[in-house]
Amino acid sequence: MILGRPGAGKGTQGVRLARHLGLVHFSTGAILRRAIGADTDLGRLARPFVEAGELVPDEVMVDLVEHALATPEVVESGYLLDGFPRTAEQATAFLARRAGTGSLDAAIDIDLPADEARRRLLGRGRNDDTPEVVDHRLAVDAEESGPLRALLQRDGLLVPVDGRGDEDDVFARILTALDPHRSRRS
Ligand code: ADP
């Protein structure tokens, strides 16, 4: 899985890393935005939360992720989760359901200062990237990410990576940081 505050580069790095490792890339934000665009039941449920910069309720997200990971392609290739878990509760529920399967190798934690993240988000201009919503997303993240990180750290899964600088440099740092974790598998 790949973590980091909004704007830290989870999406950009997640797509690259999944391609590099041959994993299925699974972005909860992208799935929610697609559902909202298609006006599905999930989309109608998620829309007010996403538009306000709030988190979609944990139970909804845990079910959504479990469902998405239960495909033959994911079972065969493995997966990279981008944007999930966002809370300690999501992580606890996810790890409890998957405990002992050895399916989780690492939680890459991209670290970028909040002012830089804010600059990047406001430059990007997605629908939910208005100044008010961005500030709220950053505030929600500041509240949730401490307990989430502590939990993953306790399980020896957290892999911190400096998210400053250009995309290629960050990607190289991720690969270097992941090296010891990847060799556990082979
Ligand atoms: P960002 O990390 O830049 O906020 P994402 O695309 O990851 O962008 O998420 C966009 C929005 O989707 C979030 O603000 C939130 O409303 C919702 N969302 C995505 N993932 C989760 C999750 N795991 N739990 C709850 N809400 C989520």
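Residues numbered from 1 in each chain as written. Predicted model: local features only at pLDDT ≥ 70, side-chain atom pairs only at ≥ 80, totals over all residues. Heavy atoms only, no water.

(A) Region of interest: the site of the ligand. Close to the ligand lie 19 residues, the nearest being Thr28, Arg33, Glu54, Gly83 and Gln90. In this structure, Lys10 approaches the ligand through a side-chain N or O atom, which is 2.9 Å from an oxygen atom. Glu54 is positioned with one of its backbone polar atoms (N or O) 2.7 Å from an oxygen atom of the ligand. When the ligand sits alone it has 540 Å² of accessible area, and the protein chains cover 97% of it. Ranked by the residues each element gives to the shell around the ligand, the list is headed by helix 2 (residues 28-38), at 4 residues. Across the shell around the ligand, the residue classes break down as 7 nonpolar, 4 polar and 8 charged. (Near = heavy atom within 4 Å. Polar contact = N/O pair within 3.5 Å; in protein donor to acceptor, adjacent residues only side chain to side chain. Areas by Shrake-Rupley, 256 points an atom, 1.4 Å probe, with all protein chains shown as cover. Helix = DSSP H or I, 4+ residues; strand = E, 2+ residues; numbered from the N terminus. Nonpolar A, V, L, I, M, F, W, Y, C, P; charged D, E, K, R; others polar.)

(B) View of the side chain of Gln13. Inspection of the secondary structure assignment puts Gln13 in helix 1 (residues 10-21). Within polar-contact distance, the side chain of Gln13 engages the backbone oxygen of Glu167 at 3.2 Å. In this structure Gln13 touches Ile2, Ile110, Glu167, Val170, Phe171 and Ile174, once residues within four positions along its chain are discounted. (Contact = heavy atoms within 4.5 Å.)

(C) Spotlight on the environment of Arg44. Inspection of the secondary structure assignment puts Arg44 in helix 3 (residues 41-52). On the basis of relative accessible area, Arg44 is assigned to the partly exposed category, the value being 44%. Separated by 12 residues in sequence, Arg44 and Leu32 place their C-alpha atoms 9.8 Å apart. From its side chain, Arg44 meets the backbone oxygen of Asp39 in a polar contact 2.8 Å long. (Buried < 20%, exposed > 50% of the residue type's maximum accessible area, 1.4 Å probe, protein only.)

(D) Layout of the packing of aromatic side chains. Enumeration according to the criterion identifies 1 aromatic pair in this entry. On the basis of an interplanar angle of 75 degrees and a centroid distance of 5.7 Å, the ring pair of Phe84 and Phe94 is categorised as edge-to-face. Here Phe84, found in the loop between strand 3 (79-82) and helix 6 (88-98), pairs with Phe94, found in helix 6; they are 10 residues apart in sequence, far enough to count as distant. Its relative accessible area of 2% is what places Phe94 among the buried residues. Positioned above the aromatic ring of Phe171, the side-chain terminus of Arg16 is 4.4 Å from the ring centre. (Phe/Tyr/Trp six-rings, centres within 6.5 Å; stacked < 30°, edge-to-face > 60°. Lys NZ or Arg CZ within 6 Å of the ring centre and 35° of its normal.)

(E) How the structure looks around helix 8 (residues 131-154). Under the 1.5 Å per step criterion, the end-to-end length of helix 8 is 34 Å for 24 residues, consistent within 8% with the ideal 34 Å. Maximal helix bending in helix 8 amounts to about 35 degrees, located at Glu144; proline Pro147 follows within four positions. Looking only at helix 8, the buried set comprises Val133, Val134, Arg137, Leu138, Val140, Asp141, Ser145, Leu148, Leu151 and Leu152. Residues of helix 8 that are buried make contact with strand 1 (2-3), helix 3, helix 6, strand 4 (107-111), helix 7 (114-124) and strand 5 (158-162). Just downstream of helix 8, Gly156 is the residue with a positive phi angle, here 70 degrees. (Expected span 1.5 Å × (residues − 1). Bend = angle between axes of the 7 residues up to and from the residue.)

Remember, this is a structural readout, not a statement about activity or role.
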